[in-house]
Amino acid sequence: MSTYINCKEVRTIDRESIQNLFAGNIRKLLIEAGPDYEKLYEIRLRVGRPLFLVYAEGERFLQIKRGEPYFVTRQDLKETLEYVCGYSLYAYEDEIRQGYISVQGGHRVGVTGKVLLNGDRIRGMKYISCINVRLSHQIPGCADAVMPYIQSRNHISHTLIISPPRCGKTTLLRDVIRQLSNGREGIPGVTVGVVDERSELAGSWQGVPQNDLGMRTDILDACPKAEGMQMLVRSMSPDVVAVDELGREEDFRAVESVIHCGCRLIATAHGNSVEDILNQPFFQKLKKMEIFEKYIVLGDRKQIGIIKGIYDEKGQKC
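Computed from a predicted model, the values in this text were never measured in an experiment. (Residues numbered from 1 in each chain as written. Predicted model: local features only at pLDDT ≥ 70, side-chain atom pairs only at ≥ 80, totals over all residues. Heavy atoms only, no water.)

1. Considerations on the overall build of the protein chain
When helices and strands are counted, the protein chain shows 10 helices and 14 strands. In terms of C-alpha radius of gyration, the protein chain reaches 20 Å, essentially the compact-globule figure of 20 Å for 318 residues. Its C-alpha atoms give the protein chain principal-axis dimensions of roughly 60 × 45 × 35 Å. Burial status across the protein chain gives 51% buried among its 318 residues. Long-range contacts, defined as pairs at least 24 residues apart, comprise 63% of the intrachain contacts of the protein chain with a sequence gap of at least 6. As presented, the protein chain carries roughly 15600 Å² of accessible surface, and 48% of it is formed by carbon and sulfur atoms. Treating the 43 positive side-chain charges of the protein chain as one cloud and the 41 negative ones as another, the clouds have centres 4 Å apart. (Helix = DSSP H or I, 4+ residues; strand = E, 2+ residues; numbered from the N terminus. Rg over C-alpha atoms; globule rule 2.2 N^0.38 Å. Buried < 20%, exposed > 50% of the residue type's maximum accessible area, 1.4 Å probe, protein only. Contact = heavy atoms within 4.5 Å. Areas by Shrake-Rupley, 256 points an atom, 1.4 Å probe, with all protein chains shown as cover. Lys, Arg positive; Asp, Glu negative; His and termini not counted. Charge placed at Lys NZ, Arg CZ, Asp CG, Glu CD.)

Structure representation (structure tokens):
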């Protein structure tokens, strides 16, 4: 039976700071529309197309008079990008190369456009055609239902959280990290090392985490997972290493290194089921080694936070 993570969401959203990210025309419309920022997840700007507000239950247009959608102009994108970067695009070149910019509050601004290459490496982007402002959020306590499967008084299970996009895996992982780090119900906290490759877990801004990942957590921000996992093991002596979205070959080599050093691993991956994940070549190897002791599967895009099932290393339902 599916379980719903039913916890009160805690947001650190200052609506004025969000509105001030946008071009004047859009800022004025946002102020007039007064969207519910507590339930708003994304604001998407695409040149020549309607401006979308994305909520958990679906999308809405930002409208002008008589219910007509507002169509985003190239000037809107140019002006918005200037505000996001504080009129210093050069200072954000490295982040733009990765396809996103982190802003105060832990929010992320995704960008797409014409990619500039240097050989086979991305060196930049120009002609920005889409900006997606993703509002960061935390749900303290959302991991309560899964923590007994992950942690006992004497053991922390290597755990993989499996989920389709936008079903809550990063939010769940964030609270698992917080609870492991702070401790819970008589179980002491442990040192957690986090490789936050895309600045989503901690939502760091100018090196300072905007999200609460716990008092004993060390964070490598904007660092590739494979290199970061090995850096943490070498320098920070973590009890647990946590990463979001395993998928590349080098990630799996680093996972083996983490395991052999005696650290516990908590990770996520895109998928619809345990079988879906284990059909992928690199996960098959980890399955044969019985690395992951628990698999937590989320699902149902219509309602974020549905736990479809929890499975052991044999793939049997717990």
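2. Notes on the packing of helix α7 (residues 225-235) against helix α8 (residues 249-260)
Here α7 crosses α8 at 15°, and the two axes come no closer than 8 Å. Between α7 and α8, the angle is such that the two are roughly parallel. Classified by chirality, the crossing of α8 by α7 is left-handed. Residues Lys225, Ala226, Met229, Gln230 and Val233 of α7 pack against Glu250, Asp251, Ala254, Val255, Ser257 and Val258 of α8. In terms of residue class, the contact of α7 with α8 is made up of 6 nonpolar, 2 polar and 3 charged. (Axes fitted to C-alpha atoms, helices over the stretch in contact; angles between N-to-C directions. Parallel < 35°, antiparallel > 145°, perpendicular 65-115°, else oblique. Left-handed = near helix turned anticlockwise from the far one by under 90°. Nonpolar A, V, L, I, M, F, W, Y, C, P; charged D, E, K, R; others polar.)

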